[in-house]
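Residues per chain, in single letters:
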Amino acid sequence: MDKDKKVRIFICYARQDEDSCHELVSQLGFIGWDRDVDIFIDKFCEKGDKWKNTIRTKIRDADIIVFLVSQNFSNSTFIKKFEFPLAWTKCETGEAIGLPVILTNTGIPLKLQELQCVYSHDGKPILDSADRSLAWCHVVAEISKHVERLQKARRENLLLTEEVRVLLSSIVKEASSVWLCTRTGLGWNKNDFLHHLLEKKQFKAKILFLNPKGKTFRNDSDNNYKPSSQKGFAKAESPDQRQIEAEDLHRKIVREGHFVRVADILLPRTFWAIGEADCETPTVAFIETQMHLADYDGNLYLPASRGDSNIRAYQAIFEQLWKQATPAIEA
């Protein structure tokens, strides 16, 4: 992935709210992002463009999707049937950051209520604010936080969780071997991502989880699992439910023919490794770092390629832990 690419923002809005959209774009233009950020609204489609294809491509490439939410937004047939399904899929799968900006308090889709909605500086919908200029400045500040975090990660050659998901979806298609070490797999299985990634593939993955029935898993759940902070990324509402869901996921993976082992010790940070072209050792890896971005569903990841000392070190740890671990529950 090109770490120097611009942060791409797609703005989804109803035609009747075009003035509000232009106000936002104007405010964004004041902060000198020309070289670092690409902002797209459908007004930018040139004559003769196959405009639906252009919009589809812009949504596909977006890092941040801003929804200008109003009754007009909810009533728009084009948004409901075309733009929103594409944009929501990107946000729901973690491949883009979704930011609902509330223009009016009516017509907020239920799905968007799962995200962190942005109001004006005085806590009101943008169009109800007494000072629209300050309201838009507040919105721009919220968008800027996400842009700056994306840019910081890219400068430091790190990947966000959603970027790793995109890369894995592509790389795994050519994989001959896959290794994964992670606590439960539930975070990675958002919207069945992990299950679909491994489903009916030509390779046999080796996956190491915490033992859902062990003390370490229970302690991890009691100390760290907070459903209210998951923003829809996890379904489990309690440590007991988390155990049930982890066991269910492990069964699914075993049924697909992959190798799953569990350990009752504190595992190292998440480690993805993929071998390509019948390689018995990893050619690429993604290693979770200690640097955490609180607004995203996971930590940052360090990409590594064959020969990197990080791959060798983590692979050696993985193999040692694998020998000590026990097979997961039967499918």
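Heads up: the structure comes first, above all this text.
Here the structure is a predicted model, which means the values were calculated and not measured.

Undergrad: Tell me about the overall build of the chain, residues and numbers included.
TA: A count of helical and extended segments in the chain gives ten helices and eleven strands. Counting over 331 residues, the chain shows a buried share of 49%. The long-range share in the chain, meaning contacts at least 24 apart out of those at least 6 apart in sequence, stands at 72%.

Undergrad: So, helix α2 (residues 51–61): which residues are in play, and what are the values?
TA: Burial in α2 covers these residues: T54, I55 and I59. For α2, the buried positions fall inside an angular range of 130° around the axis, keeping them on one side. In this structure, the buried side of α2 is in contact with β1 (7–12), β2 (37–40), β3 (64–69) and α4 (77–92).

Undergrad: Would you mind going over the packing of aromatic side chains in detail, with residue names and values included?
TA: On inspection of all chains with the given rule, the structure shows eleven aromatic pairs. Taking 5.7 Å as the distance between ring centres and 25° as the angle between the ring planes, the aromatic pair formed by F10 and F40 counts as stacked. You can see F10 sitting in strand β1 and its partner F40 sitting in strand β2, a full 30 residues away along the chain. Just as F10 is buried, F40 falls in that class too. Ring geometry for W188 against F193: centres 6.4 Å apart, planes inclined by 35°, an arrangement best described as tilted. Ring pairs connect the aromatic residues F67, F73, F84 and W88, which therefore count as one cluster. Across the ring face of F82, the terminal group of K52 is positioned such that the distance to the ring centre comes to 5.1 Å. The ring of F193 has R165 lying over it, and the distance from NZ or CZ to the ring centre is 5.1 Å.

Undergrad: Could you give an account of the environment of E319, naming the residues involved and the relevant values?
TA: Relative to the elements of secondary structure, E319 occurs in helix α10 (residues 309–324). For E319, a relative accessible area of 25% corresponds to the partly exposed category. C-alpha separation for the pair E319 and L208, spaced 111 residues apart in sequence, amounts to 9.9 Å. The contacts of E319, once residues within four sequence positions are left out, are W179 and K206. Within the structure, the side chain of E319 is placed 3.5 Å from the side chain of W179, a separation counted as a polar contact.

Undergrad: Lay out the side chain of T216 in plain terms, naming residues and giving numbers.
TA: When you line up the elements, T216 lands in helix α8 (residues 215–224). There is a polar contact of 2.8 Å between the side chain of T216 and the backbone oxygen of D264. Ignoring anything within four residues of it in the chain, the contact list for T216 reads L210, D264, I265 and L266.

Undergrad: Can you tell me about the nonpolar core, naming the residues and giving the values?
TA: Counting 47 residues, the largest nonpolar core has L168, L194, L208, W272 and F286 as its most contacted members. The leading source of residues in this core is strand β5 (residues 175–181), at five residues. Beyond its immediate chain neighbours, meaning those up to four positions away, F286 contacts L159, V164, L167, L168, I171, T270, F271, W272, I274, Y301, L302 and P303. I11, V25, L28 and A135 belong to the second largest nonpolar core, which has 31 residues in total.

Undergrad: Let's hear about helix α9 (residues 239–255): which residues, and what values?
TA: Between its first and last C-alpha, α9 extends 25 Å over 17 residues, near the 24 Å set by a 1.5 Å rise per residue. Turning to α9, its buried residues number three or more, namely R242, E245, A246, E247, L249, H250 and I253. Positive phi appears at G257, one or two residues downstream of α9, with a value of about 95°.

Quick notes on the rules
In this numbering scheme, every chain counts its residues from 1 along its sequence in written order. The model is predicted, so local features are restricted to residues of pLDDT at least 70 and side-chain atom pairs to those at 80 or more, both for listing and for counting; the totals for chains, interfaces and linings are taken over all residues. Excluding hydrogens and water, the side-chain values take into account all heavy atoms of the structure. Labels follow the DSSP assignment, with helices taken as runs of H or I lasting at least four residues and strands as runs of E lasting at least two, numbered in each case from the N terminus. Three labels apply to residues, based on accessible area from a 1.4 Å probe with only protein chains included: buried if under 20% of the type maximum, exposed if over 50%, partly exposed otherwise in between. In this description, contact between two residues means that some pair of their heavy atoms is separated by no more than 4.5 Å. Note that the arc is defined by the directions from the helix axis to the C-beta atoms. Pairing of aromatic rings covers Phe, Tyr and the six-membered ring of Trp, with a centre-to-centre limit of 6.5 Å; geometry is then stacked below 30 degrees between planes, edge-to-face above 60, and tilted otherwise. Charges are assigned to positions over rings by a cutoff of 6 Å between ring centre and Lys NZ or Arg CZ, combined with an angular limit of 35 degrees from the ring normal. Two N or O atoms form a polar contact when they lie within 3.5 Å of each other; inside protein one atom must be a possible hydrogen donor and the other a possible acceptor, and for residues adjacent in sequence the pair counts only when both atoms belong to side chains. Definition of nonpolar core: a set of buried residues of the types Ala, Val, Leu, Ile, Met, Phe, Trp, Tyr and Cys, connected through side-chain atoms within 4.5 Å. Here the expected length of a helix is defined as 1.5 Å per residue gap, with one fewer gap than residues.

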